[in-house]
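# Geometric and topological summary
Here are the chains, one letter per residue:
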Amino acid sequence: MGRITTRRTVVRVTVDHEPRRRQDTLAVEEPLEIRVSGEPLAVTMRTPGQDVELAAGFLVSEGIVARGEHFHTAIHCGGPGTGGGENTYNVLDIALAPGIAPPPPEAARAFYTTSSCGLCGKRSIEAVRTVSAYDVAADTTRVTPALLATLPETLRDHQAVFDKTGGLHAAGLFEAATGELLVLREDVGRHNAVDKVVGWALLNNDLPLTGTVLQVSGRASFELAQKVVMAGIPVLTAVSAASSLAVDLAEEAGLTLVGFLRGESMNIYAHPERVDGAASPA
C-alpha cells in the first residue's frame, strides 16, 4: 500500500487473557496543501494517493473549475525542477488553463481542513452555497429501490484499504441504470473521498455526472451534498443519517438525497420522484 498504510506496535488486551504486543496496520494521515499558481488555497488532512484527483475535485466543489479543459497541470512542490529540497509530496501546485480566473484571495480557507470537517475555516454558510455550473434538477435519472439497496455492500466489498485498517471512509460512483461501479476512492476524510471521485471525473472530462449515484460510507453532510450538486450528480445515498442543512440544499438544488440505506430499507429526504414507487407514499 506504500504511503497509504503504515505499521505500528500496539498492545492487544482481551478480558481474562494476558495482554500481548502485536503489529497493527494504520491508515496514513498527512497534510496536503493545495496551491493555485503558487498561492495557497487550502490545507486538508488526507490519505496520500490520488492527490491530483483530490485537488481537482476540491476546485470543482469551490466553483473554480467545472470542466476538464479548465485544469491544466499539477506538480508536487519540492520535487525536481522546483528549487526545493526533498519532495514530501504534501504540497500540490495547480496551474489552471489559460483564461481561467484564479480563485480570489478571500477564497483561501482561514484554517486547515480536517479529516472530519471539510468546512472548517469557512466564514459563513453563504460562502459555500456556490452556484453550480450544472442543473441537477433537470436530470431525469430514475433508480429502483432494489438497485439502491445493493450499493452499500458493493461499496464495502471494494474498500481494499479499509479491509487492512478499518479506518477509512469511501465514496463510490455508480451508474444509476445498471448499478455498475465506475470508480471508488478511500480517504480518512469523507469529503476527500468525494473530492477524489469528482476529480477523477473532471480529469476524464466526464462532468457533469448525469445518470449516476454517489454512495458514501458515512453520513450525508451539507458539504457532501454541495460537492455532489457541483459535480452534477442527481442522487446521493448514505448508510447513515443526513443533516438538516444537507436536506435543505438537496430540496433547493433538485438532488435526491437518501440516508440510512441499510439492507432493504432507506429514508428519502428530498426528491423521492427519482426513486421508483416512492413519489406517492401511503
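Notes on the structure follow. (Residues numbered from 1 in each chain as written. Predicted model: local features only at pLDDT ≥ 70, side-chain atom pairs only at ≥ 80, totals over all residues. Heavy atoms only, no water.)

## Some points on the overall build of the chain
A count of helices and strands for the chain gives six helices and twelve strands. Within the chain, the proportion of its 282 residues that are buried is 50%. Summarising the internal contacts of the chain: among those between residues at least 6 apart in sequence, 52% fall at separations of at least 24. Surface exposure of the chain reaches about 13100 Å², of which carbon and sulfur atoms provide 52%. (Helix = DSSP H or I, 4+ residues; strand = E, 2+ residues; numbered from the N terminus. Buried < 20%, exposed > 50% of the residue type's maximum accessible area, 1.4 Å probe, protein only. Contact = heavy atoms within 4.5 Å. Areas by Shrake-Rupley, 256 points an atom, 1.4 Å probe, with all protein chains shown as cover.)

## A look at the pairing of strand 8 (residues 181–187)
Across the seven residues of strand 8, five count as buried, placing the element largely inside the fold. The pairing of strand 7 (residues 169–175) with strand 8 spans six bridges and is classified as antiparallel. Opposite phenylalanine 174, over in strand 8, you have leucine 181 as the bridge partner. Where strand 7 folds back on strand 8, the antiparallel hairpin that results is connected by five residues, among which glycine 179 adopts a positive phi of roughly 80°. (Pairing = 2+ DSSP bridges.)

## Structural notes on the environment of arginine 274
Note that arginine 274 resides in the segment after strand 12 (265–270). For arginine 274, a relative accessible area of 5% puts it in the buried group. Taking the C-alpha atoms as reference, arginine 274 lies 7.5 Å from threonine 140; in sequence the two are 134 residues apart. For arginine 274, the residues in contact, after removing those within four places along its chain, are Val136, Ala137, Asp139, Thr141, Arg142, Val143, Pro234, Val235, Gly254, Leu255 and Thr256.

## Thoughts on the sheet that holds strand 6 (residues 91–96)
Pairing within the open sheet is mixed, and its four strands lie in the order 4-3-6-5. At either end of the open sheet lies a strand with only one pairing partner, and these are strand 4 (39–46) and strand 5 (71–76). Taking each pair of neighbouring strands and ignoring which way they run, the sheet shows an average axis angle of 25°. When strand 3 (residues 30–36) meets strand 4, the two strands line up antiparallel, connected through seven bridges. The residue of strand 4 that forms the bridge with isoleucine 34 is alanine 42. Its contacts with the sheet put helix 4 (residues 190–203) on strand 4 and strand 5, and the angle it makes with strand 4 is roughly 125°. (Axes fitted to C-alpha atoms, helices over the stretch in contact; angles between N-to-C directions.)

## Remarks on the nonpolar core
Within the largest apolar cluster, 54 residues are counted, with the highest numbers of intra-cluster contacts made by Leu59, Ile94, Leu214, Leu236 and Leu257. Other than its neighbours up to four places away in sequence, isoleucine 94 contacts Ile34, Arg35, Val36, Ser37, Ala55, Leu59, Phe71, Thr73 and Ala74. In terms of nonpolar packing, the next biggest core, distinct from the first, is built from 13 residues, Leu148, Phe174, Val235 and Ala278 among them. (Core = buried A, V, L, I, M, F, W, Y, C linked by side-chain atoms within 4.5 Å.)

## Focus: unusual backbone geometry
Trans is the prevailing form of peptide bonds, just as negative phi is the prevailing case for residues other than glycine. Put simply, leucine 207 and proline 208 share a cis peptide bond, and its omega is 0°. The backbone of aspartate 16 shows a phi angle near 70°, a positive value even though the residue is not glycine. Mapped onto the secondary structure, aspartate 16 falls in the loop between strand 1 (5–12) and strand 2 (20–27). The exposed category is assigned to aspartate 16, whose relative accessible area is 76%. We note that phenylalanine 260 has phi near 45°; this positive angle belongs to a residue other than glycine. Within the fold, phenylalanine 260 resides in strand 11 (residues 256–262). Overall, the relative accessible area of 31% leaves phenylalanine 260 in the partly exposed class.

## Looking at the pattern of salt bridges
What the rule picks out here adds up to eight salt bridges. A salt bridge links glutamate 53 to arginine 185; the shortest N-O distance between them is 2.7 Å. You can see glutamate 53 sitting in helix 1 (residues 51–61) and its partner arginine 185 sitting in strand 8, a full 132 residues away along the chain. Neither residue differs from the other here; glutamate 53 and arginine 185 are each classed as buried. By sharing partners, the salt bridges in this structure join Glu30, Arg46 and Asp51 into a single network. (Salt bridge = Lys/Arg side-chain N within 4 Å of Asp/Glu carboxyl O.)

## A word on a positive patch on the surface
A surface patch of positive charge is lined by Arg7, Arg12, Arg20 and Arg22. The residue arginine 12 is located in strand 1 in this model. (Patch = residues over 30% accessible without salt bridge, like charges linked within 9 Å, V, L, I, M, F, W, Y side chains within 5 Å. Lys, Arg positive; Asp, Glu negative; His and termini not counted. Charge placed at Lys NZ, Arg CZ, Asp CG, Glu CD.)

## Considering the side chain of threonine 237
The residue threonine 237 is located in strand 10 (residues 235–238) in this model. In terms of polar contacts, threonine 237 uses its side chain to reach the side chain of glutamine 215, at 2.5 Å. Not counting chain neighbours up to four residues away, the residues in contact with threonine 237 comprise Leu148, Leu151, Val213, Leu214, Gln215, Val216, Val258 and Leu261. (Polar contact = N/O pair within 3.5 Å; in protein donor to acceptor, adjacent residues only side chain to side chain.)

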